[in-house]
Amino acid sequence: MSNTCDETKCNGDCASCGGDGVTVTLTLDDDSTLECAIVGIFDAGAKEYIALLPLDENGENSDGEVFLYRYQVDASGNPQLDNIDSDEEYALASEAFDEMLDSMEYDELVGEEELN
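Since we're looking at a predicted model, the values are computed, not measured. (Residues numbered from 1 in each chain as written. Predicted model: local features only at pLDDT ≥ 70, side-chain atom pairs only at ≥ 80, totals over all residues. Heavy atoms only, no water.)

How do you make sense of the packing of aromatic side chains when you look at a structure like this?
The geometry of an aromatic ring pair is captured by two quantities: the separation of the ring centres and the angle between the planes. Under the criterion given, the structure shown has two aromatic pairs. A ring pair is formed by Phe42 and Phe97, whose centres lie 6.0 Å apart and whose planes are at 40°; its orientation type is tilted. Within this pair, whereas Phe42 is found in strand E2 (residues 33–44), its partner Phe97 is found in helix H2 (residues 87–115), the two being separated by 55 residues in sequence. The buried category is assigned to Phe97, whose relative accessible area is 7%. Three or more aromatic residues link up through ring pairs in this structure, and these residues are Phe42, Tyr49 and Phe97. (Phe/Tyr/Trp six-rings, centres within 6.5 Å; stacked < 30°, edge-to-face > 60°. Helix = DSSP H or I, 4+ residues; strand = E, 2+ residues; numbered from the N terminus. Buried < 20%, exposed > 50% of the residue type's maximum accessible area, 1.4 Å probe, protein only.)

Mind showing me how you'd approach the confidence of the model for the protein here?
A low pLDDT means the predicted coordinates there should not be read in detail. Counting all residues, the mean pLDDT for the protein is 80, and 72% of those residues have values of 70 or more. Below pLDDT 50 for its whole length, residues 1–19 participates in 50 contacts with residues either more than four positions away or in separate chains. (pLDDT = per-residue confidence, 0-100. Contact = heavy atoms within 4.5 Å.)

Explain the pattern of salt bridges to me, please; I cannot follow it from the model alone.
All chains considered together, the criterion is met by two salt bridges. The partner of Glu89 in a salt bridge is Lys47, and the shortest N-O contact between them spans 3.9 Å. Here the residue Glu89 occupies a position in helix H2, and Lys47 occupies one in strand E3 (residues 47–54), the gap between them amounting to 42 residues. For Glu89, a relative accessible area of 13% puts it in the buried group. With a shortest N-O distance of 2.8 Å, Glu89 and Arg70 are connected by a salt bridge. Linking Glu89 in helix H2 with Arg70 in strand E4 (residues 67–73), this pair joins segments that are 19 residues apart in sequence. (Salt bridge = Lys/Arg side-chain N within 4 Å of Asp/Glu carboxyl O.)

Printed below as a string of structure tokens:
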């Protein structure tokens, strides 16, 4: 898994953003599945987190909802997602995610200025 989707460029339609289309399939509590595009993997405090953009059957996200999970890689190199259990940890991860989005928007603006 990698940071492949820049929702600031694709507006939730990850097929259009030029990424390599890496997605993850979440199994929900009711055993249904949900395909999600990876918005990014980022650090907050001493842990890593992942932001996922839930996709509909057309591969799009119309409501802008993003899921945040604790992210780690096990000894075999397999990614693992864990729920964020406390409000304090969620606030920390959410703030770091907002900073990552701000940085992505800044990078996009700088890139556009260089083209002009």
